[in-house]
Amino acid sequence: MIRIGLGRDLHRLVQGRRFLLGGVEIAADRGELGHSDGDVLTHAVIDALLGAAGLGDIGEFFPPSQPAWKDADSLKLLEFTFAQVKQAGWNLVNLDCVVVCDKPKILPYREDIRASLGAVLETAPDAVFVKGKTNEGLGPLGDGSAVEALAVCLLEKNEDSPKTKDSPKKG
Ligand code: MG
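In what follows, the accompanying structure is described. (Residues numbered from 1 in each chain as written. Predicted model: local features only at pLDDT ≥ 70, side-chain atom pairs only at ≥ 80, totals over all residues. Heavy atoms only, no water.)

1. Here's the deal with the packing of helix H1 (residues 40-53) against helix H3 (residues 74-87)
At their nearest, the axes of H1 and H3 sit 10 Å apart, and the two run at 10 degrees to each other. Overall, the two elements H1 and H3 adopt an arrangement that is roughly parallel. Taking contact as the criterion, the partners of Thr42, His43, Val45, Ile46, Leu49, Leu50 and Ala53 in H1 are, on H3, Ser74, Leu75, Leu77, Leu78, Thr81, Phe82 and Val85. The residue makeup of the contact of H1 with H3, split by class, is ten nonpolar, four polar and no charged. (Axes fitted to C-alpha atoms, helices over the stretch in contact; angles between N-to-C directions. Helix = DSSP H or I, 4+ residues; strand = E, 2+ residues; numbered from the N terminus. Parallel < 35°, antiparallel > 145°, perpendicular 65-115°, else oblique. Contact = heavy atoms within 4.5 Å. Nonpolar A, V, L, I, M, F, W, Y, C, P; charged D, E, K, R; others polar.)

Next comes the structure, spelled out in structure tokens:
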């Protein structure tokens, strides 16, 4: 069985915060505002994984109202999420992402971001991809006051995993 998942997130960019994408710090004069470390890309990836596995969403797993998640390392949240996804019998086939902001440029950081996410998701380097897109100067994404991330993932479950073991086999 295979399933796809879609995640999307947006954070305001403000002075005095770090700009993190997939756990990689980007050189910028502003960073993501957020209860956690604000890593917009990692949050989108978490929602894609949870959605594909049918487990919930990031707000349920890590409520902003809980002090435990204040300034939390989003890669740790991703690690916890992926453990739940694997526990449910799923393997990650691939992950593809888009980060939307006019500045800074994402390309110089792309390989580091792929490696960082790939390490947590225990996958081959070519199974994780990240693209930067501009917003053509339009709106908050175009003027540097926000950054958006989108992620889509494909999960597969082995036919022999517990949840599908008793389902009737064809032939
Ligand atoms: Mg977020």
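2. A short note on the sheet that holds strand S7 (residues 146-157)
Taken in spatial order, the five strands make up an open sheet running S4-S1-S7-S5-S6, and their pairing is mixed. Edge positions in the sheet fall to strand S4 (31-32) and strand S6 (128-133), since each has one partner strand and no second. Pairing of strand S5 (residues 90-100) with S7, which is carried by ten bridges, proceeds in the antiparallel orientation. Along S7, the bridge assignment pairs Asn94 with Leu154. The strands touched by H1 are strand S1 (2-14), S4, S5, S6 and S7; relative to S1, the strand with the most contacts, the crossing angle is about 155 degrees. Lying on the sheet, helix H4 (residues 110-120) is in contact with S5 and S6; it crosses S6 at an angle near 140 degrees. (Pairing = 2+ DSSP bridges.)

3. Overview of H3
With 14 residues, H3 should cover 20 Å at 1.5 Å per step; its first-to-last C-alpha distance of 20 Å lies within 8% of that length. Of all the residues in H3, the buried ones are Ser74, Leu75, Leu77, Leu78, Thr81, Phe82 and Val85. The buried residues of H3 occupy an angular sector of 150 degrees when the element is viewed end-on, so they sit on one face. H3 presents Lys76 and Gln87 as exposed residues on the side facing more than 90 degrees away from its buried surface. Residue Asp73 occupies the N-cap position of H3, its side-chain oxygen lying 2.9 Å from the main-chain nitrogen of Leu75. Phi for Gly89, located one or two positions after H3, is positive at around 95 degrees. (Expected span 1.5 Å × (residues − 1). Buried < 20%, exposed > 50% of the residue type's maximum accessible area, 1.4 Å probe, protein only. Arc of directions from axis to C-beta. Polar contact = N/O pair within 3.5 Å; in protein donor to acceptor, adjacent residues only side chain to side chain.)

4. As for the pattern of salt bridges
Tallying each qualifying case throughout the model produces eight salt bridges. Between Lys70 and Asp71 there is a salt bridge; the shortest N-O distance is 3.7 Å. Overall, the relative accessible area of 52% leaves Lys70 in the exposed class. The class for Asp71 is partly exposed, based on a relative accessible area of 44%. Residue Arg110 pairs with Glu111 through a salt bridge whose shortest N-O separation is 2.9 Å. With a relative accessible area of 41%, Glu111 lands in the partly exposed category. Put simply, Arg17, Lys70 and Asp71 are held in one network by salt bridges that share partners. (Salt bridge = Lys/Arg side-chain N within 4 Å of Asp/Glu carboxyl O.)

5. Points about the layout of surface pockets
Considering only enclosed or pocket space, the largest pocket measures out at about 240 Å³ in volume. Around the largest pocket, the lining comprises 14 residues; the ones closest to its centre are Ser36, His43, Ile58, Phe62 and Pro64. Of all the elements in the fold, those that place two or more residues in the lining of the largest pocket are S1, H1 and helix H2 (58-61). Of the residues that constitute the lining of the largest pocket, the class distribution is six nonpolar, five polar and three charged. (1 Å grid on protein atoms, 1.4 Å probe; cavity = no way out; pocket = protein on both sides within 12 Å on 5 of 7 lines; lining within 4 Å. Points joined across faces, edges and corners; volume = space filled by probe spheres on them.)

Don't take any of this as a statement about function, it's just geometry.
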